[in-house]
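# Chains, contacts and geometry: an overview
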Amino acid sequence: MERVVEKVAVTGAEAVANAMRQIEPDVVAAYPITPQTPIVEYFARFVADGVVRTEMIPVESEHSAMSAVVGAAAAGARAMTATSANGLALMHEIVYIAASYRLPIVMPVVNRALSGPINIHCDHSDAMAERDSGWIQFFVETNQEAYDLTILAVRLAEHEDVRLPVMVNLDGFILSHGVEPVEFYPDELVKKFVGELKPLYPLLDTEHPVTWGPLDLYDYYFEHKRQQIEAMENAKKVFPEIAKEFEETFGRKYWFVEPYKLDDAEHVMVALGSTNSTIKYVVDELREEGHKVGALKIWMFRPFPKEEIQELLNGRKSVVVLDRSVSFGAEAPLYEAVKSSLYEVAARPMLGSYVYGLGGRDIKPEHIRKAFEDAINGNLIADEQRYLGLRE
Amino acid sequence: MPVNIKQLAQEFDKKEIGITQGHRLCPGCGAPITVKFVMMVARHLGYEPVVGLATGCLEVSTTIYPYTAWSVPYIHNAFENVAATMSGVETAYRSLKNKGKIPEDKKYAFIAFGGDGGTYDIGLQSLSGMVERGHKVLYVLYDNEGYMNTGNQRSGSTPPGSDTTTAPVGKKLPGKVQLKKNIVEIVAAHENVYAATASLSDPMDFFTKVEKALNFDGPSFLAVFSPCVRFWRVSEDKTVEISKLAVETKYWPLYEVERGVYRVTRKPRQFKPVEEFIKAQGRFRKLLSRPDANEIIAELQEYLDRRWERLLALEEATKDKPIR
C-alpha cells in the first residue's frame, strides 16, 4: 500500500477521534467531560453518519463507561472510551479491574486538574492518580503524537504477551483544543496495521464458558498480581518491535523517550507532554548562546523506562525535572521516578525539581530558561521543590 | 404452553442448568433457587445464557478461585455496575453480530444478577442507565433485604423494625424507621421495560415471568423475594414458607408492569395479617419486645393495605393502555 498522507490542521481531539474512526472499534462507551468532550462528539458524529460500524453506548457516567467497556472487551469486542480528570477519578475502581482482567482497552485521557477546587484546565494530576493501576501510560507532545500513539496503543494493548489496557495522555485544551497540522495516514493502512482483535476467552463463546472476575483470596491473588507485573515487563520488551513496525508502515519513529540535542548536553531537562515543545525552543535558544543543554521527553511513563533513562542521563552535570502534578507530602511524581532511576548510575548528576502549570497555569519560555539557568549556574539543591510561574 | 416444574425437572435431570452444586451458599438461601429457576427457564426456551453478577453473597460463594460453580459464561466486575457491565456485553454482541464476526443463529440471554445493595442502592444509577438505554438484558434482583454478604447491615430494601447491625433495634431507636424503597415502581417508571415481582413460593408464576422477560423486546427486571435464613433468623427449611407468608400478607405482592400496564398475577382470596410474617422471623424479635411494636406493625399493615388497593386500581386504570 502506498503511504499517501493527508496533512490537515486539526485539534488534538479531532486527531484522536480520527484515529478512533480508522481503528473502528466494535464498541465505544463514553460520557462527555471537559476537555475530553469533543472526542466523543466527533466520534458520535461518525457513528450517526454511518462512517463507522461501531456501537456506541452513551452511558450515564464515566463509572459506567469503564464498566461497559470492561463488559464489551470481556465479551470479545475491541472496546474504547476516553475521559478526563474527575471522569477518570470516577472510573478509578474499574480502571484497576480492567487491568487485572488483562483487557486490551485503549483510552485517550485528556489531562486536566483534579478537583477541588474545580478546575477544567490542564495538569497531570488525573493521570498520576492512576499510575499504579496497571495501565500502560503514554504522554504525548503534539497532536500528531496523540493520533499516532492512539493507533500504536491498540497493537501494544492487544499483543499476546501484554494484554494490558493503555492510556494515551494528551494535555487538556493545549492539545485537545489547540490546532496543529497532523498527517493522517490512509484508512486502509491504519486498518491493516491494527488488524483484527483476537479475543481471549470471550464471554460470547458459550461452547467454552469461562468465569471472569472470580473471588481471588490470599491463596492466588498474589500470584495473579505477579502475572500482571510480568505483563508490564513484557510491554517494555514488545514496544520497540511494534514501534519499529509503526515506523516502517507510517514513517514515524517512536521509542520510550525522545532525546533532544542530548549527545553532548551537560544539563538536561526532563518532562512529560506538550511542554516539551517549549523546552525544545528554549534549548535551541540556549544552544545559540553556547550552553550545552538538551531535553529528554518521556513518551512512556508506565512501564517506566528506567534503563533508557539511566543510560541517557548517566554522567550529565545536572538533570532538571519538570512536573505538572504534585504528590502531597512527597516528591513530585516524575522527579521521584527519575531521581530513583539515577540512584543506580555511576556518575550521578545534580538534580532539580520544578513544579509548574497546575490547573492550567501558563508555562513560558522564560520560566524554562530560569530553570536551565539554575542548572547552568550550579544553583540546584536536590530535594528542594521549586515552582515555575507561581506567585509567591 | 407455560413452563411447568415437572417438565423442567425431567429436562434438567440430565442437562446442566448452568450453575452446579458445590457452591458455598448457605443451606436454605434463596439466591441459588432464584438462579436455578431463571436459568432453567432460559435454557428450556433455547437461550444461551451469559451471566453477570454484582458483588454479593451469590458472587463470593459461587466463584472462589480456582473453583467456579458456573458452567455458562460469567462475569463479575464490581458491586455497583453489573447493569453497565452487561450493557457492554450486550452491545458487544450486537456489534459483532452486525459485523458478521459471530454466528447469527445463536439465541443469547444476557442475565444480570444483583442483591438489594447492588440494585436498590449503590447500583441504582447503573441499572437506570441500562434500562433507559434499552439494552436487552434481564436483570434479576434477589432481594434479601439487607447487606448480608458483609453481615446483616441495613439497605434501602430493609423493612422497618428488622434488626440490622447498622440500624439496630435499640433502647431509643426502633431499628430502621424508613419503609422499603419501591424498586419495581422505580424501574417501571422507565416505561419501556418489563418489570415484575416473583416469589420462590410461586414457581409457575415465576417461570411465566422469566419467559415473558426473556421474550420482551427490551430490558426486563425481575424482583425476587429471596429469604436470608441466616440473618432473618429462620430455620433453613423455611425459605419457601416465609416467601409464601410474604405473598399471603400483602408484604410481597405478585404483579407485573409491562410498558406501564399493571397486572396483579396473584390475588389471594384471604390475606393474613402482616404480624404473622413478622412473628415468624427472629430478625423482628427485638422489635416485638418494644412497647411501640404494635404501633409499628399497625403502620406497616396500613401501608401494605393501601399499596394493595393502589395496585388493584392501577391494574384497572392501565388496562389496555401501554405507555409506548
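Presented here is an overview of the structure given in this document. Predicted model, so just to flag it, every value in this text is computed and none were measured. (Residues numbered from 1 in each chain as written. Chains lettered and ligands numbered in written order. Predicted model: local features only at pLDDT ≥ 70, side-chain atom pairs only at ≥ 80, totals over all residues. Heavy atoms only, no water.)

### Looking at the overall build of chain A
Helix and strand content of chain A: twelve helices and 16 strands. Here the C-alpha radius of gyration of chain A, 21 Å, is about what a compact globule of 392 residues would show, namely 21 Å. For chain A, the spread of C-alpha atoms along the three principal axes comes to 70 × 55 × 45 Å. The proportion of buried residues among the 392 residues of chain A is 59%. Here the analysis covers contacts within chain A between residues at least 6 apart in sequence; of these, 81% occur between residues at least 24 apart. Taken as a whole, chain A presents about 15500 Å² of accessible surface, with 51% of it coming from carbon and sulfur. (Helix = DSSP H or I, 4+ residues; strand = E, 2+ residues; numbered from the N terminus. Rg over C-alpha atoms; globule rule 2.2 N^0.38 Å. Buried < 20%, exposed > 50% of the residue type's maximum accessible area, 1.4 Å probe, protein only. Contact = heavy atoms within 4.5 Å. Areas by Shrake-Rupley, 256 points an atom, 1.4 Å probe, with all protein chains shown as cover.)

### Quick word on the pattern of salt bridges
Under the criterion given, the structure shown has 58 salt bridges over all chains. With its nearest N and O atoms 2.8 Å apart, the salt bridge here joins E11(B) to K15(B). Residue class for K15(B) comes out partly exposed when judged on its relative accessible area of 32%. With a shortest N-O distance of 2.7 Å, E145(B) and R283(B) are connected by a salt bridge. Taken as a pair, E145(B) in the loop between β4 (138–143) and α7 (183–188) and R283(B) in the loop between α10 (274–279) and α11 (285–288) lie far apart in primary sequence, 138 residues in all. There is no split in this pair, since E145(B) and R283(B) are both buried. Residues participating in the shared-partner salt-bridge network are E141(A), E145(A), E258(A), K280(A) and K297(A). (Salt bridge = Lys/Arg side-chain N within 4 Å of Asp/Glu carboxyl O.)

### Some points on helix α8 (residues 203–215) of chain B
For α8(B), built from 13 residues, the straight-helix expectation of 18 Å at 1.5 Å per residue is met to within 8% by its first-to-last C-alpha distance of 18 Å. Within the sequence span of α8(B), burial applies to P203(B), D205(B), F206(B), F207(B), K209(B), V210(B), A213(B) and L214(B). (Expected span 1.5 Å × (residues − 1).)

### Comments concerning the side chain of S95(B)
With respect to the element layout, S95(B) can be found in helix α4 (residues 82–98). In contact with S95(B), not counting residues within four places along its chain, are D26(A), V27(A), R53(A) and E55(A).

### Some words on unusual backbone geometry
Of note, the bond from T34(A) into P35(A) is cis; its omega dihedral lies within 30 degrees of zero at 0°. Between R302(A) and the following residue, P303(A), the backbone shows a cis peptide bond with an omega angle of -5°. The topology assignment puts P303(A) in the loop between β13 (300–302) and α10 (306–313). Non-glycine residue A85(A) carries a positive phi angle of around 35°. Relative to the helices and strands, A85(A) is located in helix α4 (residues 85–100). The backbone phi angle of K250(B) is positive, close to 70°, even though this residue is not glycine. With respect to the helices and strands, the residue K250(B) is situated in the loop between α9 (239–248) and β7 (255–258).

### Let's talk about the environment of V177(B)
The residue V177(B) is located in the loop between β4 and α7 in this model. The spacing of V177(B) and L287(B) is 110 residues in sequence and 12 Å in space, taken between C-alpha atoms.

### Comments concerning the sheet that holds strand β9 (residues 211–212) of chain A
Spatially, the nine strands line up as an open sheet ordered β9(A)-β2(B)-β1(B)-β3(B)-β4(B)-β6(B)-β5(B)-β7(B)-β8(B), and their pairing is mixed. Unpaired on one side and paired on the other, β9 of chain A together with β8 (261–264) of chain B mark the two borders of the sheet. In the sheet, strand β5 (residues 194–199) of chain B pairs with β7(B) via three bridges, with the strands oriented antiparallel. Paired with A195(B) across the bridge in β7(B) is V257(B). Sheet contacts for helix α12 (residues 293–318) of chain B: β7 and β8 of chain B; angle to β8(B), the most-contacted strand, approximately 125°. (Pairing = 2+ DSSP bridges. Axes fitted to C-alpha atoms, helices over the stretch in contact; angles between N-to-C directions.)

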